[in-house]
Structures are given as C-alpha cells and as structure tokens.
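Chain and residue survey
Residues per chain are reported as follows:
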Amino acid sequence: MQQKDDESERHKLHDRIAQSYRYYHERYVSGAKEGVWTEMEKLAFNGLIQDYENHGGKNSFVHDKCQPESALWSIKGE
C-alpha cells in the first residue's frame, strides 16, 4: 500500500517539478535581466525535489536536467 502511495505522490511531484522547470527555464533562456526566480521560489522548487526523492524518485529528468540547470538560475535582486 505504501509503495502505491509513494508512486502516486512521486508522479504528482514529478509533474509539479516539470511545470515549474518549464516556467523558469523559459525565463532563463529568454535572459531575464532582473533574475529568474526569488529565493523563496528557489527554496520551494528544491523542496519539491527533496519530497520527490523522499518518495523514491531518482535518476530521472528531475536529476538529469531540472536540478543541474536550476543551479545556474539567478536570484531576483542579487
């Protein structure tokens, strides 16, 4: 039962991470001069990744693409 719950939650988190990634990636590639995201948005995004991992998520698009690129995104106001 727990495995099914983890799998379901993992899919939901993967979808939320992918949606956020697409939004911030677009800002990144368009050269957002004021910064890509706020510190709070960064913490929320990284929290989603942590939750995803806690539910068994590993070795996926999240780790291969989203997480490495997000380290390059600038913080607004810095």
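Rules used in this analysis
Residues numbered from 1 in each chain as written. Predicted model: local features only at pLDDT ≥ 70, side-chain atom pairs only at ≥ 80, totals over all residues. Heavy atoms only, no water. Core = buried A, V, L, I, M, F, W, Y, C linked by side-chain atoms within 4.5 Å. Buried < 20%, exposed > 50% of the residue type's maximum accessible area, 1.4 Å probe, protein only. Helix = DSSP H or I, 4+ residues; strand = E, 2+ residues; numbered from the N terminus. Contact = heavy atoms within 4.5 Å. Phe/Tyr/Trp six-rings, centres within 6.5 Å; stacked < 30°, edge-to-face > 60°. Expected span 1.5 Å × (residues − 1). Arc of directions from axis to C-beta.

**Topic: the nonpolar core**
Counting 14 residues, the largest nonpolar core has I17, W37, F45 and W73 as its most contacted members. Taken together, the elements giving at least two residues each to this core come down to α1 (2-29), α2 (39-54) and α3 (61-70). Contact partners of W73, with chain neighbours within four places excluded, come to Y21, Y24, H25, Y28, V36 and W37.

**Considering the packing of aromatic side chains**
Scanning the entire structure with this criterion turns up eight aromatic pairs. With centroids separated by 5.9 Å and ring planes inclined at 45°, the aromatic side chains of Y24 and W73 adopt a geometry described as tilted. Of this pair, Y24 sits in helix α1 while W73 sits in the segment after α3, and the two are 49 residues apart along the sequence. Under the relative-accessibility criterion, Y24 is labelled buried at 9%. An aromatic cluster of at least three residues, connected via ring pairs, comprises Y21, Y23, Y24, W37, F45, F61 and W73.

**Some words on α2**
Taking 1.5 Å per residue as the helical rise, α2 with its 16 residues ought to reach 22 Å, and the 22 Å between its terminal C-alpha atoms agrees with that figure. Buried within α2 are the following residues: F45, L48, I49 and Y52. Viewed end-on, α2 has its buried residues packed into an arc of 95°, placing them on one side of the element. Opposite its buried face, α2 presents the exposed residues M40, L43 and N54, each directed more than 90 degrees away. Against α1 and α3 lie the buried residues of α2. Of the residues one or two after α2, G56 is the one with positive phi, at around 95°.

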